[in-house]
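Spelled out, the chains give:
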Amino acid sequence: MKDFHGLIFAYYTDPNLRELVSVRTAASLPFCGRYRLIDFSLSAMRNAGIVDVGVIMQRDYQSLLDHLGGGKAWDMNRRVGGLRMLPPFGLPEYHRGNYAGTMEALNAVSSYVKDINAKYIVLMLGDMCANIDLSVPMEQHRRSGAEITAICTDHNADGFRMTYLRGEDGFVENMLIDTVNDKAGVVSLEAYIINKDVLLAMMEESREQGLYRFHKDAIAQWLKEGGRMDVYVHHGYAALIRTVDSYYKANMDMLDPAIRHEVFPAARPVFTKVREEVSTYYGVGAFSRNSLVADNCIIEGSIENCIIFSGARIAPGAQLKNCIVMRGCTVGEHSSLEHVIVDKDCTFSPGTVLTASEKLPMVVPKGTNI
Amino acid sequence: MKKNCIAMLLAGGQGSRLYALTQNVAKPSVPFGGKYRIIDFPLSNCANSGIDTVGVLTQYRPLQLNSYIGSGQPWDLDVNDGGVYILPPYQTSGEKGSWFSGTANAIYQNIGFIENYDPENVLILSGDHIYKMDYADMLREHMEHDAAATISVLQVSMEEATRFGIMNVGEDGYINEFEEKPKQPKSDLASMGIYIFNWKKLREYLIADENDPNSSKDFGKNIIPSMLANGEKLWPYHFQGYWRDVGTITSLWDANMDMLSPTLINLYDPDWPISARSPICPPHQVGTHAEVIHSIVTEGCEIDGHVENSVLSPSVRIDVGAKVLYSVLMPGAVVEPGAVVEYAIIGENTVVHAGAHIGAAPDGSEDWGVATCGPDIEIRAGAKVAAGAMIFTGEEV
């Protein structure tokens, strides 16, 4: 029997991601030139040897399904176990509205959770960017006697909002809700290793009480009742992607080689759906500075501080500065784009000028032709 | 399981004229054109032509090739009723095992494999050519003309014709003569080493050839000439398009440089993808000092120097102040600050330390050539490697 099973929450999409999520869930947001956000949690699990993973989703998950496929990219296409997509099933009320919280999402797939044949369950969010080495907290959890091990960070990582205060023994004594304070405690990355029986008990209780929020209801209650929560501190980069700004900033953070090497270390690769594609070609007049460029692009214009996904065609004379350009976009001759997030399959005819600012990057929705 | 056509890919050659690049790997697994290995071209052509059963005959240094091909998944060749099979030489009961003694012998030794699929036709390919070709079209002509064998031919110049096997064609369009490297060529149709045979016919000829002690067990030298001598119908398939044999350092470098000209061979065509087993690396980065001009660059590269007219494979690193001109850098190669690499091929994971200088621009002299460093070499700081030099793995430079 395998000891660990993974569950990834991909049901929640923050409306502050605006146009970026009109065609997808947050977990399937394209990131850093070739990835989708969910790749981080899937790869963390895979790199720690967890290949039995359920992905909890609720709506607009077509692009997510397309990305996950059979789970091959993460070695999760197993004959026994492997990757399972978990859209709502069972009770009809879960087909309406949004899940009121993580505990409702878990209850919506309770038959799956009950059937998990592992002692410990690793819970992670599908919309964060971090390369967490799960093997260390997994071993720690096995030895410490804790019922829950919270994976935290020692700095105020963008987007996270719960802080745990620890006692002398290192176990959690208190939780600061909606408060981020890396001086007083550690900030939760909302990734947990939890004993299956504890999780099932929490699910049961939340259903009975109709209280479905994970931290504010379930964890708070459980801590009050004397639950033993250990902490593992992840020292590296982490960001939760819940707004257009945080999406833009996290992408731009990857231009910093130190951060990028930490998020994409050779020892723990981030796996993603592989597209068979050709190299990127730089033309005779191309100019490129401080940018990340995926394969299958033809760059004949100028790019600076940009993240360019595959299939881009940047015509001669075009100038892109501080832009994120998703897959399959064409920028015509002498166009100029600054601080623009261009969603997939957009075309800018020659001479188009779009200028936004770092404070308020502009989003051009998928499939736009200008 | 009956198949109309299966492919047999000859990938056992040592590729001795690539010297340091094939010191430890077989020629078909030499990196090419940034993302690829040479064998990706015939394998992708098979997949794109609807040929889903491919036997890959290996012999020389097959380890890397075996793991590269794996289940065949990158080429969609992981199918239930076919797929890609690695076929090494093997021992049979009561006999000593024997190496493949020629291209025809390699197929002869795998008659059992071929019979499993009971094919009407067998396509014979080699693992050292760069081209895009629809084998289904060739197969159509082969069947239309009821040929015992169809040989793919390419029009070359009369001067070049002296270096190829040349097919002379009669008025009826069938091949009536074959000359290996003729001094006075009668035609300009060169064999590309790509054959489709009627399997029943080929089987007879393979067995007869095996029993001939004077035969060198080669398709070009023995099988084709004896078919012609027996009056079999041999049809030429006229191929038009890009085709290069990359058996030498110069031709390998030339063909890599051709990848910079999409008019010669278009790798961006979504209808004919050339697939490869890709490492999973982040997109490449161009740094704050980088200049990249007329070059191809792929995933995992980190460039902060000057790159011009060059082909970069995955995870190549070019540091600030380094210059790379007219060169081919294989996966994981590193060029440190201030180093210069020009008109050179740098093998996998070779490190050119700071200030070293590899290769030189053509100066018109006869002994000029492309400088080549094999894989896993450390070129020490400040070292100089002359044009045309060949540095083997294990050498100290």
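Our structure is the block above this text.
Rules behind the numbers
Residues numbered from 1 in each chain as written. Chains lettered and ligands numbered in written order. Predicted model: local features only at pLDDT ≥ 70, side-chain atom pairs only at ≥ 80, totals over all residues. Heavy atoms only, no water. Salt bridge = Lys/Arg side-chain N within 4 Å of Asp/Glu carboxyl O. Helix = DSSP H or I, 4+ residues; strand = E, 2+ residues; numbered from the N terminus. Buried < 20%, exposed > 50% of the residue type's maximum accessible area, 1.4 Å probe, protein only. Expected span 1.5 Å × (residues − 1). Arc of directions from axis to C-beta. Contact = heavy atoms within 4.5 Å. Pairing = 2+ DSSP bridges. Axes fitted to C-alpha atoms, helices over the stretch in contact; angles between N-to-C directions. Left-handed = near helix turned anticlockwise from the far one by under 90°. Nonpolar A, V, L, I, M, F, W, Y, C, P; charged D, E, K, R; others polar.

Student: Explain the pattern of salt bridges to me, and be specific about the residues and the numbers.
Tutor: Summed over all chains, the structure comprises 36 salt bridges over all chains. Close ionic contact of D75 of chain A with R46 of chain A constitutes a salt bridge, the shortest N to O distance being 2.7 Å. Of the two residues, D75 of chain A sits in the loop between α2 (62-68) and β5 (83-86) while R46 of chain A sits in helix α1 (residues 38-47), which places them 29 residues apart along the sequence. The exposure class of D75 of chain A is partly exposed, given its relative accessible area of 29%. Between R244 of chain B and D258 of chain B there is a salt bridge whose closest N-O contact spans 3.5 Å. Placement of R244 of chain B in strand β13 (residues 243-245) and of D258 of chain B in helix α9 (residues 249-258) is noted, with a sequence separation of 14 residues between them. Here the residues in one salt-bridge network are D3, E139, R142 and R143 of chain A, joined through shared partners.

Student: Requested: an account of helix α6 (residues 196-209) of chain A, with residues and values cited.
Tutor: Residue and element names in this part refer to chain A. With 14 residues, α6 extends 20 Å between its outermost C-alpha atoms, agreeing within 8% with the 20 Å of an ideal straight helix rising 1.5 Å per residue. Listing the buried residues of α6 in full gives K196, V198, L199, M202, M203 and S206. End-on, the buried residues of α6 take up no more than an arc of 160°, which puts them together on one face. Of the exposed residues in α6, those oriented more than 90 degrees away from the buried face are D197 and E208. As for α6, its buried residues are in contact with α3 (102-108), α4 (110-114), β6 (120-125), β8 (148-153), β11 (186-195) and α7 (214-224).

Student: So what about the sheet that holds strand β26 (residues 351-352) of chain B? Which residues, and what values?
Tutor: Taken in spatial order, the eleven strands of this open sheet run β28(A)-β25(A)-β22(A)-β19(A)-β16(A)-β14(B)-β17(B)-β20(B)-β23(B)-β26(B)-β29(B), and their pairing is mixed. Taken across any chain shown, the strands that pair with only one partner, and hence form the sheet edges, are β28 (362-364) of chain A together with β29 (378-379) of chain B. As defined by bridge partners, strand β20 (residues 317-318) of chain B adjoins strand β23 (residues 334-335) of chain B across two bridges and the pair is classed as parallel. Note that in β23 of chain B the partner of R317 of chain B across the bridge is V334 of chain B.

Student: Please give an account of the packing of helix α7 (residues 199-210) of chain B against helix α8 (residues 219-229) of chain B that cites residues and values.
Tutor: For any two helices packed against each other, one specifies the inter-axial angle together with the distance between the axes. Residues and elements named next belong to chain B. The geometry of α7 relative to α8 is characterised by a closest axis approach of 10 Å and an angle of 115° between their N-to-C directions. Taken as a pair, α7 and α8 cross one another with a handedness that is right-handed. In this structure, α7 uses K201, L202, Y205, L206 and D209 to contact α8, whose residues at the interface are F219, N222, I223, S226 and M227. The residue inventory of the contact of α7 with α8, partitioned by class, reads six nonpolar, two polar and two charged.

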